[in-house]
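The primary structure of each chain is shown beneath.
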Amino acid sequence: MAILRYAGEALKNLFRKPVTRNYPAEPAVYPDRSRGHIEIDIDKCISCGICQMSCPSDAIKVDRKEGTWDINRFDCVACGYCVLKCPKKCLTMVPGYQEPGPEKYDDLHHRSAEAMAAEAEKKKQAALKAAAAKKALAAKEAKAPETAKPVAAENADGAGKPAETPGK
Amino acid sequence: MAKRSVIPFGPQHPVLPEPIHLDLVIEDEKVVEAVPNIGFVHRGLESLADKRDFNKMVYVIERTCGICSFGHGLGYVESVEHIMNVEVPDRAKFLRVIWAELGRMHSHMLWMGLMADAFGFENLFYACWRVREKILDLHELTAGGRLIFSVNQIGGVNKDITPEMMQQILKSLDEIEEEVKPLEKAFVNDYSVQSRLKGVGVLTKQQAHDLGCCGPFAKASGMSFDYRMTGYEAYKYLDMEPITGTNGDSFDRCTVRIKEVYQSIDLIRQAISKIPEGDINVPVKGMPNGEYMARIEQPRGEAIYYTKASGKKYLDRFRLRTPTFANLAGLTETLKGADLADVPILILTIDPCISCTER
């Protein structure tokens, strides 16, 4: 038992370099994994809305029609779940914390008109293709009673067996 | 007989990091009875369980508390994994242990700082938090957050600790161990510290057992109970002995926590040397159906996570019992007969985490 056990250490502190950083003059250094804030590569975004559904604090809003991706930086808790869930990997977590501010604001991103047009075109093509496929299927089904045997034969061909129509 | 009077203590008090209110019935300078009262920071996190998908609930649960955040996430995913019969890969178990022990270290360093501040040792307070800063840097390096990890997911973890990071952790641990030694000397050997802590707020082993105390608070009274000994996650592969005290006074609670810092350093070193290669998570399909009560050892003691699910995306019920809640009963017992001047220190010795308790 002794008094002033810590005096030596305390005195050392007087002559030691400070452990803190001279922050605004010296910029902060963040490790690569630091969860600062979310950024989006809006050109890769397909407005699927999975990030909106996965957000635990309801900070993200996706408008498919308008092609917007909207994040409330003050609601975002930087958990990184949307980054994990994004199917196109267009969301990234980057170092650097959200700056404080007097009021909450949204960070709105618009998809480019070309990207929207390209997607609309793609959708149109897909819709046409689907319609065509549906039509073909309907025609096939209508024909089906008469062509039951050839279909069976085709299947057998596909399996690599000699065509053998049943009942021969 | 002296006149009895009631003194309100808290919820705002210089020594309290979080709001708790106590009605202290005093006779002269002695406390005769203490009636605790909580409910100042209730946020209703448990009820979010039926409004949030069970996967994203992890991120809500771990935000219950800034200090034991990893443990809360771990307890929740453990309970859901048991319901869904998910076998977590070994590497993920070891990673969880490393993060949990880092969390324990930083919690205890924080407590040591607050304790030093409570008995008026400002210099020691800053010295403790200076060491803690290194642990927070390790958190940020490995998990991305300084306090909230967000690495747990159902079926494993979503970030791996690379070999370079392991080296960095080991290097920092060596430094931390060296820096904790002079702090330990100040806490354990200093005359003025001892005069504030020795023989203050004694809780016997029997009392600790009867009142259902847990964690370092109960260990200091000689209860050799540490839930890590049951070997959940990767603790079954690591060697450890629960640390206990003998007298059950404030001084023992202090030394138990300091020793647990060293124990955590040792456990992390063991885990890093034994960690296997392999996957860090397994894909999980389907919805949970059933109920489970998971228990884990948090820095403050044993926490209980009850989850009930019925095969839907949303859980039916989630309940979290925090160690502070269990220790409040012990606190009121230790306060009986204490000096009014010792009340702040006694409240701190249970390491109160009121925001956790109120959820």
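These numbers were taken from a predicted model, which means no experiment stands behind them. (Residues numbered from 1 in each chain as written. Chains lettered and ligands numbered in written order. Predicted model: local features only at pLDDT ≥ 70, side-chain atom pairs only at ≥ 80, totals over all residues.)

J.: Give me the overall build of chain B: which residues, what numbers.
T.: Looking only at helices and strands, chain B has 12 helices and 8 strands in total. What you see for chain B is a C-alpha radius of gyration of 20 Å, in line with the 21 Å of a compact globule of 359 residues. Projecting the C-alpha coordinates of chain B onto the three principal axes gives extents of approximately 70 × 45 × 30 Å. When the 359 residues of chain B are sorted by exposure, 52% land in the buried category. When contacts within chain B are restricted to residue pairs at least 6 apart in sequence, long-range pairs at least 24 apart make up 71% of them. (Helix = DSSP H or I, 4+ residues; strand = E, 2+ residues; numbered from the N terminus. Rg over C-alpha atoms; globule rule 2.2 N^0.38 Å. Buried ≥ 20, exposed ≤ 12 C-beta atoms within 10 Å, placed from the backbone. Contact = placed C-beta atoms within 7 Å.)

J.: Outline the overall build of chain A, supporting the account with residue identities and numerical values.
T.: Along its length, chain A carries 5 helices and 5 strands. Starting at the N terminus and walking to the C terminus, you meet the elements of chain A as α-β-α-β-β-α-β-β-α-α. The buried share of chain A, reckoned over its 168 residues, is 15%.

J.: Just give me the short version of the confidence of the model for chain A, but keep the residues and values in it.
T.: Residue-level pLDDT values for chain A average 79, and 84% of them are 70 or greater. Counting contacts from residues 152-168 of chain A, a segment whose pLDDT is below 50, to residues more than four positions away or on other chains yields 9 contacts. (pLDDT = per-residue confidence, 0-100.)

J.: If you had to explain the sheet that holds strand E3 (residues 68-72) of chain A to someone new, which residues and values would you point to?
T.: Residues and elements named next belong to chain A. Read from one edge of the open sheet, 3 strands run E2-E3-E5, paired in antiparallel fashion. Strand pairing shows two members of the sheet lacking a second neighbour, strand E2 (60-63) and strand E5 (106-110), which therefore form its edges. Adjacent strand axes in the sheet meet at a mean angle of 15° when their direction is disregarded. Two strands pair when backbone bridges link them, and E3 and E5 are joined in this way by 5 bridges, in the antiparallel orientation. Within E5, the residue paired with threonine 68 across the bridge is histidine 110. (Pairing = 2+ DSSP bridges. Axes fitted to C-alpha atoms, helices over the stretch in contact; angles between N-to-C directions.)

J.: Can you tell me about the interface of chain B and chain A, naming the residues and giving the values?
T.: Facing 25 residues of chain B, the contacting portion of chain A comprises 19 residues. Counting residues per element, the ones that place at least two in the side of chain B that touches chain A are helix H1 (57-61), helix H4 (122-142), helix H5 (163-189) and helix H6 (191-197) of chain B. It is H4(B) that contributes the most residues to the side of chain B that touches chain A, 6 residues altogether. Partitioned by chemical class, the residues of the side of chain B that touches chain A number 9 nonpolar, 8 polar and 8 charged. (Nonpolar A, V, L, I, M, F, W, Y, C, P; charged D, E, K, R; others polar.)

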